[in-house]
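Working through the structure, step by step
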Amino acid sequence: MKKLNGNLVNKINIAVFISGRGSNLLSIIKNSLKKKSFFKVSLVLSNKKDIKGLQVAKKYNIKTLVLDFTKSKTKEKEVINILKINQIKLICLAGFMKILSKNFINLFKGKIINIHPSLLPKYKGLNTHEKVINNKDKYTGCTVHFVTKKLDSGKIILKKKIEVKKNDNKVSIKKKVLKMEHKAYPEAIVKVLSNF
Ligand code: GRF
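These notes cover the structure that comes with them. Here the structure is a predicted model, which means the values were calculated and not measured. All residue numbers here refer to positions counted from 1 along the written sequence of the relevant chain. Reporting of local features is limited, given that this is a predicted model, to residues whose pLDDT is at least 70; pairs of side-chain atoms are given and counted only at 80 or more, and all residues count toward the totals for whole chains, interfaces and linings. Water and hydrogen atoms were dropped before computing side-chain values, which therefore reflect all heavy atoms in the structure.

What about the overall build of the chain?
Helices and strands together make up the secondary structure of the chain, namely six helices and nine strands. Taking 2.2 N^0.38 as the reference for a compact globule, 196 residues should give roughly 16 Å; the C-alpha atoms of the chain span a radius of gyration of 17 Å, in line with that estimate. Whether a residue is buried, partly exposed or exposed follows from its accessible area with a 1.4 Å probe, protein chains only, as a fraction of its type maximum: under 20%, in between, or over 50%, in that order. Looking at the chain as a whole, 49% of its 196 residues are labelled buried. In the chain, the share of contacts with a sequence separation of at least 24, taken over all contacts with a separation of at least 6, comes to 64%. If you sum the accessible surface of the chain, you get close to 11300 Å²; carbon and sulfur atoms cover 53% of it. Counted as positive: Lys and Arg. Counted as negative: Asp and Glu. His and the chain ends are not counted at all. Here the site of a charge means NZ on Lys, CZ on Arg, CG on Asp, or CD on Glu. Treating the 45 positive side-chain charges of the chain as one cloud and the 11 negative ones as another, the clouds have centres 7 Å apart. We count a stretch as a helix when DSSP gives it H or I for four or more residues in a row; a strand needs E for two or more, and each element gets its number in order from the N terminus. Taken over C-alpha atoms, the radius of gyration is set against a globule rule of 2.2 Å times the number of residues to the power 0.38. Two residues form a contact once any of their heavy atoms are found within 4.5 Å. Using the Shrake-Rupley algorithm and a 1.4 Å probe, accessible areas are obtained, with residue cover drawn only from the displayed protein chains.

Next up, the structure:
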């Protein structure tokens, strides 16, 4: 039992959807293991096998599911069922490189969030760091937002900003933004769950 908004509650189950390295997944897991945390990563879903993120999940004994479900109604139903069985209350996309179906997004309205490596609404989609450098932006950062049908356009939960220095390039910026992401994502999860 944990305290949420002054009330005692069981830890809230969340799922993290990944497609690769899983460094955000790791920061979310580490945060969930803190004494005061009131959420638990109960499921990690990947659309790809043999990715680093799955090893991260396994290291922490978290249930994993490898299923490319976004283009099959039957597989999507399977995922929905597993999310229900595991009483998942929030889905966190962390480097998940697939587009979710309208049906899936509607079903979990307000319960799917994503992290994006730019200060949205600037630079939706891919190659965000390259765009920051090419446009000589003074600032960049990351954004955690709700997932809607429109790519990278849902309501913003929080943003974290960093300054782009003269000697920065897309590699150095990527590294700095990722570090910010690792702080931003757990913070955003707490913010969202506190409003449940
Ligand atoms: C992050 O930069 C995130 O913003 C983007 O994909 C990357 C995932 O990295 N959506 P990781 O797998 O969490 O290390």
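Text resumes after the structure shown.
With respect to the site of the ligand
Every residue lining the ligand is accounted for by R21, G22, S23, N24, G95, I115, P117, L178 and E181. Taking R21, its side chain carries an N or O atom lying 2.6 Å from an oxygen atom of the ligand. Counting residues per element, the ones that place at least two in the shell around the ligand are α1 (23-32) and α6 (170-194). Under the scheme applied, nonpolar residues are Ala, Val, Leu, Ile, Met, Phe, Trp, Tyr, Cys and Pro; charged residues are Asp, Glu, Lys and Arg; polar residues are all the others, including Gly. When its residues are assigned to classes, the shell around the ligand shows three nonpolar, four polar and two charged. Near is defined per residue: the residue qualifies when any heavy atom it owns lies within 4 Å of the molecule or strand. In protein, a polar contact means a hydrogen-donor-capable atom and an acceptor-capable atom, both N or O and within 3.5 Å, with residues adjacent in sequence counting only if both atoms are side-chain atoms; elsewhere, any N or O pair within 3.5 Å suffices.

Remarks on α6
With 25 residues, α6 extends 35 Å between its outermost C-alpha atoms, agreeing within 8% with the 36 Å of an ideal straight helix rising 1.5 Å per residue. Among the residues of α6, those classed as buried are I173, V177, L178, M180, E181, A184, Y185, P186, A188, I189, V192 and L193. Put simply, N169 is the residue that caps the front of α6, since its side-chain oxygen is 3.0 Å from the backbone nitrogen of V171. The span you would expect from a helix comes to 1.5 Å times its residue count less one.

Comments concerning the sheet that holds strand β7 (residues 112-116)
Backbone hydrogen bonds hold the strands of a sheet together, and the pairing may be parallel or antiparallel. Pairing between strands requires that DSSP locate at least two bridges from one strand to the other. Across the sheet, which stays open at both edges, the seven strands sit in the order β5-β4-β3-β6-β7-β8-β9 with mixed pairing between neighbours. Each edge of the open sheet is held by one strand with a lone partner, namely β5 (64-66) and β9 (156-163). With direction set aside, neighbouring strand axes in the sheet form an average angle of 20°. Pairing analysis gives seven bridges linking strand β8 (residues 139-146) to β9, with the strands arranged antiparallel. Looking at the pairing, Y139 lines up with E163 of β9. Sheet contacts for helix α2 (residues 52-59): β3 (12-18), β4 (39-46) and β5; angle to β5, the most-contacted strand, approximately 155°. Across the sheet, α6 is in contact with β3, β4, β6 (88-93), β7, β8 and β9; its angle to β9 comes to roughly 155°. Interaxial angles span 0 to 180 degrees and are taken between N-to-C directions of axes, which are lines fitted to C-alpha atoms, for helices over the stretch in contact.

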